[in-house]
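Each chain is listed here by its residues.
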Amino acid sequence: GNYTCICPPDYMQVNGGNNCMDMRRSLCYRNYYADNQTCDGELLFNMTKKMCCCSYNIGRAWNKPCEQCPIPSTDEFATLCGSQRPGFVIDIYTGLPVDIDECREIPGVCENGVCINMVGSFRCECPVGFFYNDKLLVCEDIDECQNGPVCQRNAECINTAGSYRCDCKPGYRFTSTGQCNDRNECQEIPNICSHGQCIDTVGSFYCLCHTGFKTNDDQTMCLDINECERDACGNGTCRNTIGSFNCRCNHGFILSHNNDCIDVDECASGNGNLCRNGQCINTVGSFQCQCNEGYEVAPDGRTCVDINECLLEPRKCAPGTCQNLDGSYRCICPPGYSLQNEKCEDIDECVEEPEICALGTCSNTEGSFKCLCPEGFSLSSSGRRCQDLRMSYCYAKFEGGKCSSPKSRNHSKQECCCALKGEGWGDPCELCPTEPDEAFRQICPYGSGIIVGPDDSAVDMDECKEPDVCKHGQCINTDGSYRCECPFGYILAGNECVDTDECSVGNPCGNGTCKNVIGGFECTCEEGFEPGPMMTCEGALHTKIPTIIL
């Protein structure tokens, strides 16, 4: 069967696709040091590993970091180059060794010279004025000027590519005989030493300057003396002129009769229009506005304008609203925050309002609070109180550490302890708190007879709806309480009407026998007596006849 190689990037299929040839180009080095695996002598042009390592006397290492080239006459060299001799590679089509034309394949070799390819090798022929650098494989220029004096007297050697030339030194010029003779600059250069006198010397000249001028560092030019360098104008701009100068006063200064610049007091001459909302302070050559608190200097520097603190610091009053005022500002805080040191600080309702979240736990939040109610309790619609919704026994009495006389139906703890005047509640029984205990105030914040509604409002409890209240009588509800009206023959005992035992009070029947009945009494008169107008037994006309008085 046949096969075809799929080559990685920078590799080329050869031998009909049966092999891959490395076509990567990288640095080629002239020297490799096996002891520390380093390279030097980097050539100026990139090439493939095969060209670097297989060519004659080209490379000893390749790539970065450098890889040592295989040594000629070794199997590794033959594997890379196809031949154990340098200067040859195997032709990918014929399979035979062919000479590497280093002159054509390796760009830059024998630069500035002529590269001549040879079988298995090459050589460089450098032109006159160049020498062969066998490290860089190029022809380098010979600096003839380094080979001792090569030029005539008063001349300088200038190296050129492949040669050199002799130029006369400054102050000298070529003569027709090829010599460098002194030139008279004072005669040859027009206007030399302007504003002075030119003095010729051998190979040069110098200037003697007129009054008001000075020479430059090499004395070849006369320069005007700049009187302005000695600060001739003080608080002004000195303008130098040829042989003189004049002053132009700076802004904020005027020229005095002494021809110097003195300060202008803008604060005194501004007619009070400067530095409004601040204080004008005169300075040398100007003035400054020292603005009042809440103001800043305007862009023109002439007045003080209000600082918009709200715009300058967008979150200055966060989470409240910042309102800018003339020269100041104020913070308008939302509910749940109070103004502290010009900032809206969270109010810890749990600390500020001890009664909040009664019967529960208060948890402060940013800008608000949250009531955490225990099991069996419900948060009121206002969110400020935990309401005990548990229903259990309500006991009228608590004696000897025990609860007794339970109501006929179950009630909440606040109904029992606040409105129904119970002494114990729950299973097991809990003692109802009494005024003025703190526990009573928590359960009954509005006092006796009043319970807390779903919205934390005071709600009068109608005790008359309780079947045990005003038994045998009429219950009349009042604001925060109730009263019992008992019928004739009954007397109020506690919260119920009980029958009056008329027979126990004196002898209502007189000459008869008194018998108590519900709501009244009856008389059984003795023989010979009968009921009289006052319900007593009088006279003796008949036998005993019971008389019932209601």
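Our structure is the block above this text.
Everything numeric here is computed off the predicted structure, so don't read it as measured data. (Residues numbered from 1 in each chain as written. Predicted model: local features only at pLDDT ≥ 70, side-chain atom pairs only at ≥ 80, totals over all residues. Heavy atoms only, no water.)

Visitor: Looking at this model, I keep getting lost on the nonpolar core. Mind explaining?
Guide: Soluble globular proteins: nonpolar side chains tend toward being buried together. Core analysis: the biggest nonpolar cluster contains 21 residues, and Leu43, Met47, Cys52 and Ile58 have the highest contact counts within it. The set of elements that each furnish at least two residues to this core consists of helix 1 (49-54), helix 2 (75-81) and strand 12 (121-125). Every residue in contact with Met47, bar those within four places of it in the chain, is listed here: Arg24, Arg25, Ser26, Cys28, Cys52, Ile58, Trp62 and Ile106. Cys193, Cys198, Cys207 and Cys222 belong to the second largest nonpolar core, which has seven residues in total. (Core = buried A, V, L, I, M, F, W, Y, C linked by side-chain atoms within 4.5 Å. Buried < 20%, exposed > 50% of the residue type's maximum accessible area, 1.4 Å probe, protein only. Helix = DSSP H or I, 4+ residues; strand = E, 2+ residues; numbered from the N terminus. Contact = heavy atoms within 4.5 Å.)

Visitor: For this particular structure, what's the right way to read the side chain of His411?
Guide: The topology assignment puts His411 in the loop between strand 40 (402-406) and helix 8 (413-419). For His411, a relative accessible area of 0% gives the class buried. Polar side-chain contacts of His411 include one of 3.3 Å to the side chain of Glu415. Those residues in contact with His411 that sit more than four places away from it in its chain are Arg390, Met391, Ser392, Cys394, Cys416, Leu420, Trp425, Met461 and Glu466. (Polar contact = N/O pair within 3.5 Å; in protein donor to acceptor, adjacent residues only side chain to side chain.)

Visitor: Help me understand the sheet that holds strand 39 (residues 394-399), please; the structure alone is not making it clear to me.
Guide: Hydrogen bonds between backbone groups are what pair the strands of a sheet, and the pairing can be parallel or antiparallel. Spatially, four strands are ordered 40-39-41-42 in an open sheet, and the strand pairing comes out antiparallel. Two strands bound the open sheet, and with one partner strand each, they are strand 40 and strand 42 (430-431). The pairing of strand 39 with strand 41 (residues 424-425) spans two bridges and is antiparallel. Bridge pairing in strand 41 places Cys394 opposite Trp425. (Pairing = 2+ DSSP bridges.)

Visitor: So what exactly am I meant to see when it comes to unusual backbone geometry here?
Guide: Most peptide bonds take the trans configuration, and most residues that are not glycine carry a negative phi. Cis peptide bonds are those with omega within 30 degrees of zero, and the linkage from Ala318 to Pro319 qualifies with 5 degrees. Counting through the fold element by element, Pro319 comes out in the loop between helix 6 (309-312) and strand 31 (321-325). Following Glu435, the chain continues into Pro436 via a peptide bond in cis, with omega recorded as 0 degrees. Along the chain, Pro436 turns up in the loop between strand 42 and helix 9 (438-443). Its identity as a non-glycine residue notwithstanding, Asp10 has a phi of 70 degrees, on the positive side. Counting through the fold element by element, Asp10 comes out in the segment before strand 1 (11-14). Residue Gln219 is not a glycine yet carries a positive backbone phi of 60 degrees. Considering the arrangement of structural elements, one finds Gln219 in the loop between strand 21 (213-215) and strand 22 (222-224).

Visitor: How should I be thinking about the pattern of salt bridges in this particular structure?
Guide: For side chains of opposite charge, pairing can occur when their charged atoms come near one another. Inspection of every chain in the model, using the stated rule, returns 17 salt bridges. Glu466 is the partner of Arg409 in a salt bridge, and the nearest nitrogen-oxygen pair spans 2.5 Å. In this pair, Arg409 is assigned in the loop between strand 40 and helix 8 and Glu466 in the loop between strand 44 (458-460) and strand 45 (474-478), connecting sequence segments 57 residues apart. When salt bridges that share partners are traced, they join Asp101, Arg104 and Glu105 into one network. (Salt bridge = Lys/Arg side-chain N within 4 Å of Asp/Glu carboxyl O.)

Visitor: Which parts of the structure should I look at to understand the environment of Cys514?
Guide: Looking at the element boundaries, Cys514 is found in strand 49 (residues 512-517). Here the alpha-carbon distance between Cys514 and Cys168, two residues 346 residues apart in the chain, equals 169 Å. Filtering out sequence-adjacent residues up to four positions away, Cys514 remains in contact with Cys503, Pro508, Cys509, Phe521 and Glu522.

Bear in mind that shape data such as this cannot, by itself, settle questions of function.
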